[in-house]
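Close look at the chain arrangement
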Amino acid sequence: MNLREFESAARELLDPVHYDYVAGGADDEVTVRANEAAFARIALLPRVLRGAASRESGVTLFGHRASLPVVLSPTAFHRLFHKEGEVATARAAARAGVVMITGMASTVAVADVVEAARAAAPGRDPAVWFQLYLQPAPGVTEALVRRATEAGCAALVVTVDSPVLGAHTRNARNGFHDLPDGLACENLRDLLDGEPGHVRQIAMSPTLDWDDLDRLRASTSLPLLLKGVLHPDDARIALDHGVDGLLLSNHGGRQLDTVPATIDLLPEIAAAVAGRVPLLLDGGVRRGTDIVKALALGATAVGIGRPAVWGLAADGENGVTRVLDILRRELDHTLALCGATGIADLTPALVRNATASAGPR
Ligand SMILES: Cc1cc2nc3c(=O)[nH]c(=O)nc-3n(C[C@H](O)[C@H](O)[C@H](O)COP(=O)(O)O)c2cc1C
Ligand SMILES: CC(C)CC(=O)C(=O)O
């Protein structure tokens, strides 16, 4: 019936340790809860008698027409949740006309993820974006970017909220630190030097700075998005460094605990961005009403993390498809109830109780 029910379905099927890995977050999980709670606190104030017979919910992202203002945010290790892993997720996203951000930490190599998307939606040119963590050795970052580019990824998403890993109490208690035998981060296999078949560790590094981003910017002509910028000053700095988009994210409450809910930060970030680049948001999006609130407050599109994983765990490709279908139906229904002809009609006038005043779209 709705996205939340997929979590219960997935929980029945998953190893409890893997369930906890997905559901959990950092420390006391204050931010995990805040993301969803903040959406619930914001009210919608609909208009009436607007004569909106049909509603347009597609969005253009870096020249690609997506059928929904929803992307799959990057989540690691899909083969932990379903045997087909990222291949199943990519097929579902491609068939739905939705952008998939595939992770550096995928258990299927990026070339195979893109290939699965293309084979599932022939002639539709599905968009797969590649998420990466800048590696302290620039050569490793370059090699990864080369791999993603050659695979056919249409954009790069650099996650910048992880100078060190968040402290996940559940994982520590469960002793979950490594992938089981037979699963690996395939994008890091045979990357640069090392024994044949060797899989590199993903490095988190607190030494990275804007110079590292500049090096990446100069090395690629792909659209570059930053994921995990929370401070409006950093949003402005990011634009000065030539990024093409921002994904406002607190990593689903998995990095620094007690940071604000992303939807509460959106008005300030939207004001800082001032419509210069696409602004995406993830964290706690579970309903069509959440999508409408985010777009009304200045987001170009939203991302979902856990819901896609729950869908994947529940029923592979079909589960992810169903999650996207539900969001599509709920978004259209909400637009109708709001008296909107499409997402272009969504403005701050549609919401109440949001923090700070919203910036221009
Ligand atoms: C199981 C799991 C793995 C994740 N892996 C990554 C990752 O590898 N890289 C990344 O940038 N974000 C990662 N994230 C964060 C998501 O991209 C996203 O920001 C977050 O899940 C959004 O919140 P939501 O789960 O409430 O939708 C992960 C999240 C989850 C739940
Ligand atoms: C560190 C990554 C491999 C996974 C991640 O970002 C997460 O689990 O939130």
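What comes next is a walk through the structure. Bear in mind that the values here come from a model prediction, so they are computed numbers and not experimental data.

Calculation criteria
- Residues numbered from 1 in each chain as written.
- Chains lettered and ligands numbered in written order.
- Predicted model: local features only at pLDDT ≥ 70, side-chain atom pairs only at ≥ 80, totals over all residues.
- Heavy atoms only, no water.
- Core = buried A, V, L, I, M, F, W, Y, C linked by side-chain atoms within 4.5 Å.
- Buried < 20%, exposed > 50% of the residue type's maximum accessible area, 1.4 Å probe, protein only.
- Helix = DSSP H or I, 4+ residues; strand = E, 2+ residues; numbered from the N terminus.
- Near = heavy atom within 4 Å.
- Polar contact = N/O pair within 3.5 Å; in protein donor to acceptor, adjacent residues only side chain to side chain.
- Areas by Shrake-Rupley, 256 points an atom, 1.4 Å probe, with all protein chains shown as cover.
- Nonpolar A, V, L, I, M, F, W, Y, C, P; charged D, E, K, R; others polar.
- Pairing = 2+ DSSP bridges.
- Axes fitted to C-alpha atoms, helices over the stretch in contact; angles between N-to-C directions.
- Contact = heavy atoms within 4.5 Å.
- Salt bridge = Lys/Arg side-chain N within 4 Å of Asp/Glu carboxyl O.
- Right-handed = clockwise from strand over helix to strand, strands pointing away.
- Expected span 1.5 Å × (residues − 1).
- Phe/Tyr/Trp six-rings, centres within 6.5 Å; stacked < 30°, edge-to-face > 60°.
- Lys NZ or Arg CZ within 6 Å of the ring centre and 35° of its normal.

**Some words on the nonpolar core**
Core analysis: the largest hydrophobic core is formed by 124 residues, its most contacted members being Trp 129, Ile 263 and Leu 281. By residue number, the principal contributor to this core is helix H12 (residues 306–338), which donates 13 residues.

**Quick notes on the site of ligand 2**
Taken together, Tyr 21, Ala 76, Phe 77, Ala 105, Tyr 133, Leu 165, Met 204, His 251 and Arg 254 make up the full set of residues near ligand 2. Here an oxygen atom of ligand 2 sits 2.8 Å away from a polar atom, N or O, in the side chain of His 251. Taken by itself ligand 2 offers 280 Å² of open surface, and the protein chains cover 83% of this. The residue inventory of the shell around ligand 2, partitioned by class, reads seven nonpolar, one polar and one charged.

**Some details on the sheet that holds strand E7 (residues 156–159)**
Taken together, the eight strands give a closed barrel; going around it, the order is E4-E5-E6-E7-E8-E9-E10-E11, and neighbouring strands pair in parallel fashion. Going across the sheet, the axis of each strand differs from the next one's by a mean of 25°, ignoring polarity. Sheet topology note: the strand E4 (residues 70–72)/strand E11 (residues 301–304) ladder contains three bridges and is parallel. What sits directly across from Val 70, in E11, is Val 302. Contacts from helix H4 (residues 86–96) reach E4 and strand E5 (99–103) within the one sheet, and its direction differs from that of E5 by about 160°. Here helix H10 (residues 262–273) sits on the sheet in contact with strand E9 (245–248) and strand E10 (279–282), set at roughly 170° to E10.

**Let's talk about helix H11 (residues 288–296)**
Counting buried positions along H11 gives eight out of nine residues, so the element sits mostly inside the fold. Residues of H11 that are buried include every one of Gly 288, Asp 290, Ile 291, Val 292, Lys 293, Ala 294, Leu 295 and Ala 296, and no others. Downstream of H11 by one or two residues, Gly 298 has phi in the positive range, about 115°.

**Observations regarding the pattern of salt bridges**
Applying the stated rule across the entire model yields 15 salt bridges. Close ionic contact of Arg 170 with Glu 29 constitutes a salt bridge, the shortest N to O distance being 2.9 Å. In this pair, Arg 170 is assigned in helix H7 (residues 169–174) and Glu 29 in the loop between helix H2 (16–23) and helix H3 (30–41), connecting sequence segments 141 residues apart. Arg 170 sits in the partly exposed class, given a relative accessible area of 23%. Of the charged contacts in the structure, one is a salt bridge between Arg 217 and Asp 244, with a shortest N-O distance of 2.7 Å. Taken together, the residues span a long stretch of sequence, with Arg 217 in helix H8 (residues 210–219) and Asp 244 in the loop between helix H9 (232–240) and E9 at a distance of 27 residues. The class for Arg 217 is buried, based on a relative accessible area of 18%. Bridged by salt links that share partners, the residues Arg 4, Glu 36 and Arg 286 form one connected network.

**Considerations on the pairing of E5**
Most of E5 sits inside the fold, with five of its five residues counted as buried. Side chains Val 99, Ile 101 and Gly 103 of E5 all project onto a buried face; the interleaved residues Met 100 and Thr 102 project onto the opposite face, where all are buried too. Regarding topology, H4 serves as the crossover connection from E4 to the parallel E5, and that connection is right-handed. Of the pairings in the sheet, the one linking E5 to strand E6 (residues 128–132) comprises four bridges and is parallel in character. Its bridge partner lying in E6, Gly 103 is registered against Gln 131. The β-α-β motif built from E5, the intervening helix H5 (residues 110–120) and the parallel element E6 has right-handed crossover chirality.

**Thoughts on helix H6 (residues 138–151)**
Think of an α-helix as turning once every 3.6 residues; residues three or four places apart then point the same way. For H6, with 14 residues, the first-to-last C-alpha span of 20 Å sits near the 20 Å given by 1.5 Å per residue. Listed as buried for H6 are Val 140, Thr 141, Ala 143, Leu 144, Val 145, Ala 148 and Ala 151. Tucked inside the fold, the buried residues of H6 contact H5, E6, E7 and H8. Gly 152 sits one or two positions beyond H6 and adopts a positive phi of about 105°.

**A few points about the site of ligand 1**
Taken together, 22 residues surround ligand 1, and among them Pro 74, Thr 159, Asp 282, Arg 286 and Gly 305 come closest. Between ligand 1 and Tyr 133 there is a distance of 3.1 Å, counted from a nitrogen atom to a side-chain nitrogen or oxygen. At 2.9 Å from a nitrogen atom of ligand 1 is found a side-chain nitrogen or oxygen belonging to Lys 227. If ligand 1 stood free it would expose 600 Å²; the protein chains cover 98% of that surface. Its residues placed into classes, the shell around ligand 1 shows seven nonpolar, 10 polar and five charged.

**Overview of the packing of aromatic side chains**
Counted under the stated rule, the structure contains four aromatic pairs. Centroid distance Tyr 19 to Trp 310: 5.3 Å. Interplanar angle 25°. Geometry classified as stacked. Here the residue Tyr 19 occupies a position in helix H2, and Trp 310 occupies one in helix H12, the gap between them amounting to 291 residues. Trp 310 matches Tyr 19 in its accessibility class, with the two residues each being buried. One aromatic cluster is present, built from ring pairs that chain together Tyr 21, Phe 77 and Phe 176. Over the face of the ring belonging to Tyr 21 we find Arg 254, whose NZ or CZ atom lies 4.9 Å from the ring centre.

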